[in-house]
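These are the residues of each chain, in order.
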Amino acid sequence: MSIQRVASKWTKTNAILPNPALAPYIPETRLYTFEHLNEMLAVYGTVYIKPDIGTYGKGVMRAERLTEPLPPTEEGIIGERIWYVLRYEVDTLTFDSLEELNKVVSNRIRKRPYLIQRGIDLLQHETRPFDLRVLTQMNLRKHWETTLIIGRIAAPDKVVTNHHSGGTVRFFNELVAPYLDEKETVHLEQKLSKLGERVAWQLQKRYPRLKEIGLDVGLDQQIYPWILEVNTRPAIKVFSFLPNKSLYHKIFRYAVGYGRYSASTGKPAHSKRKA
């Protein structure tokens, strides 16, 4: 029986939100419309605009609403200047109105479904934002187990951390060391491991053939974890670089156990199937 895949980010978000223990970790996310763009920029200042179906960070944009006070008028009225910035790939565009920004975004989106997600002020490593990939797999006892937490640093001037977009992989301990002591680091690692397992369990209730997930988690300035995205076909062989070969062998052994790879050839054992 094939491993179940879920392509739609919107579908996965709505499968997780009903769980009251997980909902607080989901940044506000809506379908893209001009009205939602206006409302969310007014509340959060920064939002990410991402394709509902897509991989490798392709098509992701970041929009910001910026303000500065204007000198008082002769009547003593104090106003402010409002402008907007849109970033995608390595390009940055500035607009004097939200309508202008929306026009450019709409031209890039065309008729494809896109989402707007609250922007998180991510922790940084040497001035570049990073997030974490929490890999959770079905183990050989048919229980969910988080097998790896690894960091991803955004490439210079990029809005996403994905490896395929030039992001750099770093170890979890290395990235959080400037922010947490040893005891706090262990506590956070345990919390993220449980979070991955709870999300997998929640998604499995709707998608019973799910066997693996990659949870993308962003840490804000208060070290609060936000679930940015869930991937139901997470990269695995990319972790063969790990110096701890026994850890990679465990990850791969689990993947063989639930049928992603062939034990004899090491190649994918079946074609992917999406829901």
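Residues numbered from 1 in each chain as written. Predicted model: local features only at pLDDT ≥ 70, side-chain atom pairs only at ≥ 80, totals over all residues. Heavy atoms only, no water.

Undergrad: Run through the confidence of the model for the chain, naming residues and quoting values.
TA: Detail in the predicted coordinates should be disregarded across regions flagged by low pLDDT. The pLDDT averaged across the chain works out to 91; a share of 92% of its residues lies at or above 70. At the low end of the mean pLDDT range in the chain sits strand β14 (residues 273-274), at 46; at the high end sits helix α5 (residues 182-206), at 98. Within the model, the stretch residues 271-275 combines pLDDT values under 50 with 14 contacts to residues more than four positions away or in other chains. (pLDDT = per-residue confidence, 0-100. Helix = DSSP H or I, 4+ residues; strand = E, 2+ residues; numbered from the N terminus. Contact = heavy atoms within 4.5 Å.)

Undergrad: I'd like to hear about the environment of R233, residue by residue, with values.
TA: One can find R233 in the loop between β13 (225-231) and α6 (245-257). C-alpha separation for the pair R233 and I3, spaced 230 residues apart in sequence, amounts to 9.3 Å.

Undergrad: Describe the nonpolar core, listing the residues and the values that go with them.
TA: Grouped together as the largest cluster of nonpolar side chains are 46 residues, with contacts concentrated most on L192, V199, L203, I213, L215, I227 and V230. For this core, the secondary structure elements donating two or more residues are α1 (9-16), β9 (128-138), β10 (144-153), α4 (172-176), α5, β12 (212-219), β13 and α6. Sort the elements by how many residues they give to this core and α5 lands first, with six residues. With residues up to four places along the chain from it excluded, the contact list for V199 reads I16, L22, I213, L215, I227 and V230. Membership of the second largest hydrophobic core comes to 18 residues, among which are L41, Y84, L98 and L101. (Core = buried A, V, L, I, M, F, W, Y, C linked by side-chain atoms within 4.5 Å. Buried < 20%, exposed > 50% of the residue type's maximum accessible area, 1.4 Å probe, protein only.)

Undergrad: Which residues make up the side chain of K12, and what values do they have?
TA: The topology assignment puts K12 in helix α1. Look at K12: it is buried, it has no salt bridge, and the nearest opposite charge is E229 at 5.8 Å. When residues no more than four places from it in sequence are discounted, the contact partners of K12 are V6, A7, L203, V230, N231 and T232. (Lys, Arg positive; Asp, Glu negative; His and termini not counted. Salt bridge = Lys/Arg side-chain N within 4 Å of Asp/Glu carboxyl O.)

Undergrad: Talk me through the packing of helix α2 (residues 34-44) against helix α3 (residues 98-109); I want residue IDs and the actual numbers.
TA: Taken N-terminus to C-terminus, the directions of α2 and α3 make an angle of 125°; their axes are 11 Å apart at the nearest point. The orientation of α2 relative to α3 falls into the category oblique. In the packing of α2 onto α3, the handedness of the crossing is right-handed. Residues F34, L37, N38 and L41 of α2 form the contact with α3, whose participating residues are L98, E99, L101 and N102. Its residues placed into classes, the contact of α2 with α3 shows five nonpolar, two polar and one charged. (Axes fitted to C-alpha atoms, helices over the stretch in contact; angles between N-to-C directions. Parallel < 35°, antiparallel > 145°, perpendicular 65-115°, else oblique. Left-handed = near helix turned anticlockwise from the far one by under 90°. Nonpolar A, V, L, I, M, F, W, Y, C, P; charged D, E, K, R; others polar.)

Undergrad: Got a sec to walk through the sheet that holds strand β5 (residues 80-88)? Specific residues and values, please.
TA: Within the open sheet, the six strands sit side by side as β2-β7-β3-β4-β5-β6. Their pairing is antiparallel. Of all the strands in the sheet, just β2 (29-31) and β6 (91-95) have a single pairing partner and so form its edges. Looking at each pair of strands side by side, their axes are set apart by 25° on average, direction ignored. Two elements, strand β4 (residues 61-69) and β5, share nine bridges in a ladder whose sense is antiparallel. Bridge assignment links A63 to a residue of β5, and that residue is L86. The sheet contacts of α3 involve β3 (46-51), β4, β5, β6 and β7 (114-118), and relative to β5 the element is tilted by about 15°. (Pairing = 2+ DSSP bridges.)

Undergrad: Tell me about unusual backbone geometry, and please be specific about residues and values.
TA: A positive phi angle, close to 70°, is found at T127, a residue other than glycine. Examined against the element boundaries, T127 turns out to sit in the loop between β8 (124-125) and β9. The backbone of K142 sits at a positive phi, close to 65°, despite the residue not being glycine. In this structure K142 comes out as exposed when scored by relative accessible area, which is 59%.

Undergrad: Pulling in residues and values, what's your account of the pattern of salt bridges?
TA: Once their charged atoms are close, side chains differing in charge can pair, the charge on each being opposite to the other. Tallying each qualifying case throughout the model produces twelve salt bridges. Here R5 makes a salt bridge to E212, at a shortest N to O gap of 2.6 Å. On the criterion of sequence distance, the pair formed by R5 in strand β1 (residues 4-5) and E212 in strand β12 is long-range, its members being 207 residues apart. Looking at R5, the relative accessible area reads 2%, which means it is buried. Measuring nitrogen to oxygen at the nearest pair gives 3.2 Å for the salt bridge that ties R152 to D216. Highlighted residues: R152 in strand β10 and D216 in strand β12, separated in sequence by 64 residues. Residue class for R152 comes out buried when judged on its relative accessible area of 10%.

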